Amino acid sequence: MATNGKSPEQGHPKKAFGWAARDTSGVLSPFKFSRRATGETDVTFKVLYCGICHSDLHMAKNEWGFSIYPLVPGHEIVGVVTEVGSKVQRFKVGDKVGVGCLVGSCHSCDNCANDLENYCSKTILTYGAKDRDGTITYGGYSDIMVADEHFVLRIPENLPLDAGAPLLCAGITVYSPLKYYGLDKPGMHVGVVGLGGLGHMAVKFAKAMGVNVTVISTSPNKKKEAIEHLGADSFLVSRDQDQMQAAIGTLDGIIDTVSAQHPLLPLISLLKPHGKLVTVGAPEKPLELPVFPLLLGRKLIGGSNIGGLKETQEMLDFAAKHNIKADIEVIPMDYVNTAMERLLKADVRYRFVIDIGNTMNSSA
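Keep in mind that this is a model prediction, so the values were computed, not measured.

Caption draft 1: Here's a closer look at the side chain of Asp 131. Within the secondary structure, Asp 131 is located in the loop between strand E7 (124–125) and strand E8 (144–148). If we skip the residues at most four places from it in the chain, Asp 131 touches Arg 36, Ile 124 and Thr 137.

Caption draft 2: Expanded view of the sheet that holds strand E14 (residues 271–279). The parallel open sheet is built from six strands, whose spatial order is E12-E11-E10-E13-E14-E15. The two strands at the open ends of the sheet, each matched to only one other strand, are strand E12 (234–237) and strand E15 (300–303). With strand direction ignored, the average angle separating the axes of adjacent strands in the sheet is 20 degrees. Bridge analysis of E14 against E15 gives four bridges, and the strand direction is parallel. By the bridge assignment for E15, Thr 279 is matched with Gly 303. Contacts from helix H5 (residues 197–208) reach strand E10 (189–193) and strand E11 (212–217), with the element oriented near 165 degrees to E11.

Caption draft 3: Region of interest: the packing of aromatic side chains. Taken as a whole and assessed by the stated rule, the structure comprises eight aromatic pairs. The interplanar angle of 10 degrees and the centroid separation of 5.4 Å between the aromatic rings of Phe 31 and Phe 33 together place this pair among those described as stacked. Members of the aromatic cluster, connected to one another through ring pairs, are Phe 31, Phe 33 and Tyr 138.

Caption draft 4: Structural view of the packing of helix H4 (residues 170–180) against helix H10 (residues 309–321). With their axes 10 Å apart at the nearest point, H4 and H10 run at an angle of 100 degrees to one another. Put simply, H4 runs roughly perpendicular to H10. Touching Gly 171, Ile 172, Tyr 175, Ser 176 and Lys 179 of H4 are Glu 311, Thr 312, Glu 314, Met 315 and Phe 318, all from H10. Counted by class, the contact of H4 with H10 contains four nonpolar, three polar and three charged residues.

The rules behind the values
- Residues numbered from 1 in each chain as written.
- Predicted model: local features only at pLDDT ≥ 70, side-chain atom pairs only at ≥ 80, totals over all residues.
- Heavy atoms only, no water.
- Helix = DSSP H or I, 4+ residues; strand = E, 2+ residues; numbered from the N terminus.
- Contact = heavy atoms within 4.5 Å.
- Pairing = 2+ DSSP bridges.
- Axes fitted to C-alpha atoms, helices over the stretch in contact; angles between N-to-C directions.
- Phe/Tyr/Trp six-rings, centres within 6.5 Å; stacked < 30°, edge-to-face > 60°.
- Parallel < 35°, antiparallel > 145°, perpendicular 65-115°, else oblique.
- Nonpolar A, V, L, I, M, F, W, Y, C, P; charged D, E, K, R; others polar.

Shape is all these values report; function is a separate question.
Right, dumping it as structure tokens:
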């Protein structure tokens, strides 16, 4: 139910159609709902593509414990503007736009004042959250999107919409910590743990910044892909004691994208003194933190969560300038449940993107 007391279909004036999970099985199926009328600061757009993020899988199955059903996932959303509100200044009908993980924040706290809406305590997530009017937000596995212009991003002309979509979550998730933790200086040595949706983007952004990149993975068979295709400088098999031993103390920083349980000690050991291990994956259970090696090398462990709107736009412009885009497998809407099963097994190189524009059929 929409929490304004009306059904999802009647809660708002604009008819919408998408695919939703109804329970913790996470299985998605066709779903009729509604979106709000275009407000004076709103941008309405026809959704053309939406990336499938690992969060979508967690949320569809309520693995983080705060999902609200019916749940329409999707926060890597791109399309073309069909209507703008009377006070919208940055967009016009026909513009290529995107919406990432956020559709609202308080606009009055220190974080919001500093373009860090992603750290506002009152952020409104793009899906599965309570909106200002009390209704539930629905994401990009749908035919139309309405969002306040502050949370709408311009997709640069030379960035393809399909391969650009994953930048709105996966791209900014790795770009922001590279910048914030100072791991973007040419000649630095940075490790990237895990070569999935986030990891492959981290390699591309770090290389474009002039950084020397080492991919750290449990899978030796990803070496060729990492070096020849993604342009990494070296590759470490994390289960190979000799390789890991030889690389001790060689990295200025590490971006750890792994969301499964994994030991941190071997990664901390790879850092130079004063090195930084930044985690952007979200394991369900706490990881064990060995403190001694942090003390002895004055090392840091930090986190990072997407980015503010200003930085996300900067990231998109940087990607367009350096021809960075995600490696994707485009799928039709009705393949989404199979895609989720494959994502669970990491059977994708490296991001599924749903072709909403051509395959979302409201008569399904």
